[in-house]
There are 2 protein chains.
Amino acid sequence: MPSSKNTQFAVAVHVLTYLAGQAEGGPVSSDELSASTNVNPVHVRRVLGPLREAGLVCSRPGVHGGWELARPAGDITLARVWRLLQGDDQVLGLHGPNPDCPVGRGVQRSLTAIDGAVAEAVAAELERSTVQDVLTREVRGARPVPGQA
Amino acid sequence: MPSSKNTQFAVAVHVLTYLAGQAEGGPVSSDELSASTNVNPVHVRRVLGPLREAGLVCSRPGVHGGWELARPAGDITLARVWRLLQGDDQVLGLHGPNPDCPVGRGVQRSLTAIDGAVAEAVAAELERSTVQDVLTREVRGARPVPGQA
DNA sequence: TTAATTCGTAATCACAATAGCTACAGTTAG
DNA sequence: CTAACTGTAGCTATTGTGATTACGAATTAA
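Treat the numbers as computed from the prediction; the structure is a model and nothing was measured. (Residues numbered from 1 in each chain as written. Chains lettered and ligands numbered in written order. Predicted model: local features only at pLDDT ≥ 70, side-chain atom pairs only at ≥ 80, totals over all residues. Heavy atoms only, no water.)

Take the relation of the copies chain A and chain B next. Superposing chain A onto chain B requires a rotation of 180° together with a translation of 0.0 Å along the rotation axis, leaving an RMSD of 0.0 Å. Given the turn and translation reported, the copies of this chain are related as if by a two-fold rotation axis. Interface overlap between copies is the fraction of interface residues in one copy that are interface residues in the other; for chain A against chain B it reaches 100%, indicating a shared surface. (Least-squares fit on C-alpha atoms with pLDDT ≥ 70 in both. Contact = heavy atoms within 4.5 Å.)

Okay, here's the thing in structure tokens:
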């Protein structure tokens, strides 16, 4: 079960949504963001680092510094955020089968391909929501998925 | 990012595929399965436990005991396996936002809904492959995903 | 019956990932 | 200069995963 305890994606979405709601109020400090998300301010900064490098947010040190969205909330899809924080990690976990076992090699290859397809499916689903959608809680209705109840 | 280091799904698919390939040869022991998957025999048994309870495999103790598929490999979808091992865990990790923060509450609700939709998307993708498919390495071509490259 | 084999499971250990926390250097506004 | 921030580097606590050992129960062969 992939289930990670990794909450960075959730924290990132939370922070971005918060920033979207404060768009007119100037920069927001890590401390304020950490109070809302209930995580450590240092952790907030660590999560926001990759998003800044990707141009989604910007930060300023100094007295009235803090964080701001660098682009409209409606332009930031959750898929973008997920990919930035996901890196190249696999969605389903793989294992290291015995390389001498032909079954193992075949299974490994199949699973790698399937993992890629699953990652695409996840991204496609997340592509359907933006930070703006989360802010307005207007999460677009789930598309009926073929072959599934 | 979901990425767990959990390899139970991969191990389960591996073992099921191995059993499918040995369908005529009688029960296969945990030791033999552990040699192919490169994981501990105890771990193999632990992973296989839920699959046995779900009626996918059966096991027998004793001298010529071991594991066998309890149904045709073509009837076992990877989605079934994933759901059995996934339990109720979230795909994307959530966090515990400050309950006093209205933004936090809204984000939490949105993320929970989105997580459900993503889980459905993953399951739908995995519904497209069976253990038989993995055995023959004939992984069905990826369906073009709407709204995604 | 006895011995060998194999599952079932508990207990313990090692390792890695996550995130909390402290500390401190660098920046900026006033 | 000073206060308020970010940016990082450590260190620690907690947790999840899986290896390992151990032992009991079930089954088969002799």
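Read on, since the account is not over.
Side-chain positions along a regular strand alternate between the two faces of the sheet. Residues and elements named next belong to chain A. Note that strand β1 (residues 57-60) and strand β2 (residues 66-69) share 4 bridges and pair antiparallel. Paired with Val57 across the strands is Leu69, a residue of β2. Hairpin connection between β1 and β2: a loop of 5 residues separates the two successive antiparallel strands, and Gly62 in this loop has a positive phi of roughly 100°. (Pairing = 2+ DSSP bridges. Helix = DSSP H or I, 4+ residues; strand = E, 2+ residues; numbered from the N terminus.)

Turning our attention to the protein's contact with DNA strand C. Close contacts around DNA strand C come from 28 residues, with A:Thr7, A:Arg46, B:Ser30, B:Arg52 and B:Gly62 the closest. Taking all atoms of DNA strand C within 4 Å of the protein, the share assigned to sugar and phosphate is 66%. B:Ser30 places a main-chain nitrogen or oxygen 2.7 Å from a phosphate oxygen of DNA strand C. Only α3 (41-53) of chain A together with α3 (41-53), β1 (57-60) and β2 (66-69) of chain B provide two or more residues apiece to the surface near DNA strand C. If you tally residues by element for the surface near DNA strand C, the top one is α3(B), at 4 residues. Class assignment of the residues belonging to the surface near DNA strand C gives a composition of 8 nonpolar, 14 polar and 6 charged. (Near = heavy atom within 4 Å. Polar contact = N/O pair within 3.5 Å; in protein donor to acceptor, adjacent residues only side chain to side chain. Nonpolar A, V, L, I, M, F, W, Y, C, P; charged D, E, K, R; others polar.)

The values reported here are purely geometric and, on their own, carry no functional implication.
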